[in-house]
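Structural features, examined
Spelled out from the first residue to the last, the chains are:
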Amino acid sequence: VAPIALADWHRQDAQIMGTTVLVQAWHKDAAVARAGIDAVIRDMHRIDALMSTYKADSELSRLNAQAAHHPVRASEELFSLISRALEFSELSGGAFDVTYASVGYRYDYRQGIRPDDRTREALLPGIDFRHVILDREQGTIAYRREGVRIDLGGIAKGYAVERGAAILRKHGIEHGQVGAGGDTRLLGDRRGRPWVVGIRDPRDRDRMVAQLPLVDEAISTSGDYERYFEEDGHRYHHIIDPGTGTSARGVRSVSVIGPDATLTDALSTGVFVLGATDGLELINRLPDVEAVIVDDEGRLWFSSGLDMQQP
Ligand code: ADP
Ligand code: MG
Ligand code: MG
């Protein structure tokens, strides 16, 4: 995709939430565009400080440390994102499950570290979204047992970019884009043209397997090629099958397109775990949601609303 060289486009990138954030906005008044972009980036830092599990003093880290011992009062924002995450667990039959982290925290993809089989099996009972008890009246969260951990890495970036698009809109910006890693929220069109989002070949970063023209939509991609290491011919990547506590098998990437980035983020991760057949069955049941999947033999699968051909 050619870089946007039109006048009145403004862009800024930043490193937040362990990934590259990119905000673009179109506005006649450069000061308006700048203010909008800055507000989005500030908001993302705020969300990261609240929800990162890499920060011991984040609200989520404190929840993980205490919720097995007593109910913990949570901010409205953390409460409602965890509540949504649990809804996606129900919807996906447990494929999307933020308690994956009960085992998942023992993986370090940068350093090639994973739990041995015995440790993994010992920690596995901690994975189950039904261990998480939300008390709406009290605004508290509790875990039913010890060893349960939540990580919002599969949904928080989508949430953040969805908020980012809303912030741009509040600033009077109608055309823009907020992306964080694999999650992108497009605001409006690209001034009279659709945005064109490429879906990368999971085994060749210079090749695209599809190009999607999109207007005012969210797209999230979950892949096995960004965060992984190889050991004994096995690829260990960051999407965990809650049933086994180890990397999900069967597909290489899943892209989900829909009206809300929180939804597309959670679904891309959940569908990755479900695999092509069950995953597309879920996508095809949902209104206004489409998906493109690359399976482990490089074949492309499309949801029923996409009439696509391989380029
Ligand atoms: P990206 O990190 O590129 O946005 P995803 O949206 O697929 O990609 O998120 C992957 C992250 O989701 C992992 O790094 C981990 O934090 C989290 N995760 C892994 N497995 C699961 C799962 N089964 N359910 C929910 N979240 C998961
Ligand atoms: Mg996701
Ligand atoms: Mg994501």
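Refer to the structure presented above.
Residues numbered from 1 in each chain as written. Chains lettered and ligands numbered in written order. Predicted model: local features only at pLDDT ≥ 70, side-chain atom pairs only at ≥ 80, totals over all residues. Heavy atoms only, no water.

**Regarding the overall build of the protein chain**
In plain terms, the rule: Numbering of helices and strands starts at the N terminus; helices are DSSP runs of H or I of at least 4 residues and strands are runs of E of at least 2. For a compact globule the rule gives 2.2 Å times the number of residues to the power 0.38, and the radius of gyration it is set against comes from C-alpha atoms. Pairs of residues are marked as contacts when any of their non-hydrogen atoms sit within 4.5 Å. Only the protein chains shown count as covering a residue, and every accessible area follows the Shrake-Rupley method with a 1.4 Å probe.
Secondary structure summary: the protein chain contains 8 helices and 17 strands in total. Scaling as 2.2 N^0.38, a compact globule of 311 residues should have a C-alpha radius of gyration of about 19 Å, and the protein chain matches this with 19 Å. For the protein chain, the spread of C-alpha atoms along the principal axes amounts to about 55 × 45 × 40 Å. Intrachain contacts of the protein chain at a sequence separation of at least 6 include 60% that bridge at least 24 residues. Carbon together with sulfur atoms contributes 46% to the accessible area of the protein chain, which is approximately 14700 Å² in total.

**Focus: helix α3 (residues 76-91)**
What counts, and what does not: In this scheme, a helix's expected span is set at 1.5 Å multiplied by one less than its residue total. Working definition: with a 1.4 Å probe on protein chains only, accessible area under 20% of the residue-type maximum means buried, over 50% means exposed, and in between means partly exposed.
Compared with an ideal rise of 1.5 Å per residue, which puts 16 residues at 22 Å, α3 spans 22 Å between its outermost C-alpha atoms and is within 8% of the ideal. All of the buried residues in α3 are Glu77, Leu78, Phe79, Leu81, Ile82, Ser83, Ala85, Leu86, Phe88 and Ser89. Directly after α3, the chain includes Gly93, whose backbone phi takes a positive value near 65°.

**A short note on the coordination of the magnesium ion (ligand 3)**
Rule in force here: A donor here means an N, O or S atom no more than 2.8 Å from the metal, or no more than 3.2 Å when the metal is Na, K or Ca. Since water is not included, a site may seem to lack partners.
Asp183 (OD) and Asp265 (OD) make up the full set of protein donors to the magnesium ion (ligand 3), lying at 2.2 to 2.3 Å. In this structure, the magnesium ion (ligand 3) lies 3.3 Å away from the magnesium ion (ligand 2), the two metals sharing Asp265 as a donor. A residue pair is termed long-range when its members are at least 10 positions apart, and Asp183 in strand β7 (residues 183-187) and Asp265 in helix α7 (residues 261-274) qualify at 82 residues. Judged on exposure class, the residue Asp183 and its partner Asp265 are both buried.

**Things to note about the coordination of the magnesium ion (ligand 2)**
The magnesium ion (ligand 2) binds to the protein through Gly154 (O), Asp265 (O), Asp265 (OD) and Thr269 (OG1), with metal-donor distances spanning 2.0 to 2.6 Å. Binding-site remark: the magnesium ion (ligand 2) is held by donors from one chain whose sequence spacing is G-x110-D-x3-T.

**Looking at the sheet that holds strand β6 (residues 175-180)**
The pairing of strands in a sheet comes from backbone hydrogen bonds and takes either a parallel or an antiparallel form. Basically, it comes down to this: By the convention used here, strands pair only if DSSP detects at least 2 bridges between them. Angles run from 0 to 180 degrees between N-to-C directions of axes, and those axes are lines fitted to C-alpha atoms, restricted for helices to the stretch in contact.
In space, the 8 strands of this open sheet follow the order β1-β2-β6-β7-β10-β15-β16-β17, with antiparallel pairing throughout. Each edge of the open sheet carries a strand with a single partner, namely β1 (9-16) and β17 (300-302). The mean inter-strand angle of the sheet, taken between neighbouring strand axes irrespective of direction, is 10°. Across 8 bridges, β1 lies against strand β2 (residues 19-26) in antiparallel orientation. Paired with Ala14 across the strands is Val21, a residue of β2. Where helix α6 (residues 156-170) meets the sheet, its contacts fall on β2, β6 and β7, and the angle it forms with β7 comes to roughly 20°. In this fold helix α8 (residues 276-285) packs onto β15 (251-258), β16 (290-295) and β17, with an angle of close to 175° to the strand it touches most, β16.

**As for the environment of Ile257**
Mapping Ile257 onto the fold places it in strand β15. When its relative accessible area of 4% is taken as the criterion, Ile257 is described as buried. Once the C-alpha coordinates of Ile257 and Leu267 are considered, the two residues, 10 residues apart in sequence, prove to be 9.4 Å apart. Residues in contact with Ile257, not counting those within four places in the same chain, are Leu212, Leu214, Glu217, Ala218, Ile219, Thr264, Asp288, Val289, Glu290 and Leu306.

**Thoughts on the sheet that holds strand β5 (residues 140-143)**
Read across the sheet, 3 strands follow the order β3-β5-β4 without closing on themselves; strand pairing throughout is antiparallel. Each end of this open sheet is capped by a strand with a single partner; those strands are β3 (72-73) and β4 (132-135). Its contacts with the sheet put α3 on β4 and β5, and the angle it makes with β4 is roughly 130°.

**Re the packing of aromatic side chains**
Threshold: The rule is short: rings of Phe, Tyr and Trp, with Trp giving its six-membered ring, pair when the centres are within 6.5 Å, and they are stacked under 30 degrees, edge-to-face over 60, tilted in between.
Summed over the entire model, instances satisfying the criterion amount to 5 aromatic pairs. Measuring from ring centre to ring centre gives 5.5 Å for Trp9 and Trp195, while their planes differ by 80°; the resulting arrangement is edge-to-face. Taken together, the residues span a long stretch of sequence, with Trp9 in strand β1 and Trp195 in strand β8 (residues 195-201) at a distance of 186 residues. Like Trp195, Trp9 is buried. On the basis of an interplanar angle of 5° and a centroid distance of 5.8 Å, the ring pair of Tyr107 and Tyr109 is categorised as stacked. You'll find Tyr107 and Tyr109 in the same group, each marked buried. A connected cluster of aromatic rings, assembled from ring pairs, spans Tyr107, Tyr109, Phe229 and Tyr236.

**Section: the site of ligand 1**
Applied cut-off: Here a residue is near a molecule or strand as soon as one of its heavy atoms is found within 4 Å of it. A 3.5 Å cut-off defines polar contacts: any pair of N or O atoms within that distance qualifies, except that in protein one atom must be a possible hydrogen donor and the other a possible acceptor, and neighbouring residues in sequence count only when both atoms are side-chain atoms. Residue polarity follows a fixed list, in which Ala, Val, Leu, Ile, Met, Phe, Trp, Tyr, Cys and Pro are nonpolar, Asp, Glu, Lys and Arg are charged, and the others, Gly among them, are polar.
In the neighbourhood of ligand 1, 18 residues make up the surrounding shell, with Asp97, Tyr100, Ser222, Ile240 and Asp265 lying closest. In this structure, an oxygen atom belonging to ligand 1 sits 3.1 Å away from a main-chain N or O atom of Gly154. One of the side-chain N or O atoms of Asp265 is found 2.7 Å from an oxygen atom in ligand 1. In isolation ligand 1 offers 570 Å² of accessible surface; the protein chains occlude 93% of this area. Ranked by residue count, the leading element in the shell around ligand 1 is α7, at 3 residues. Each residue belonging to the shell around ligand 1 can be placed in one class, and the counts come to 7 nonpolar, 6 polar and 5 charged.

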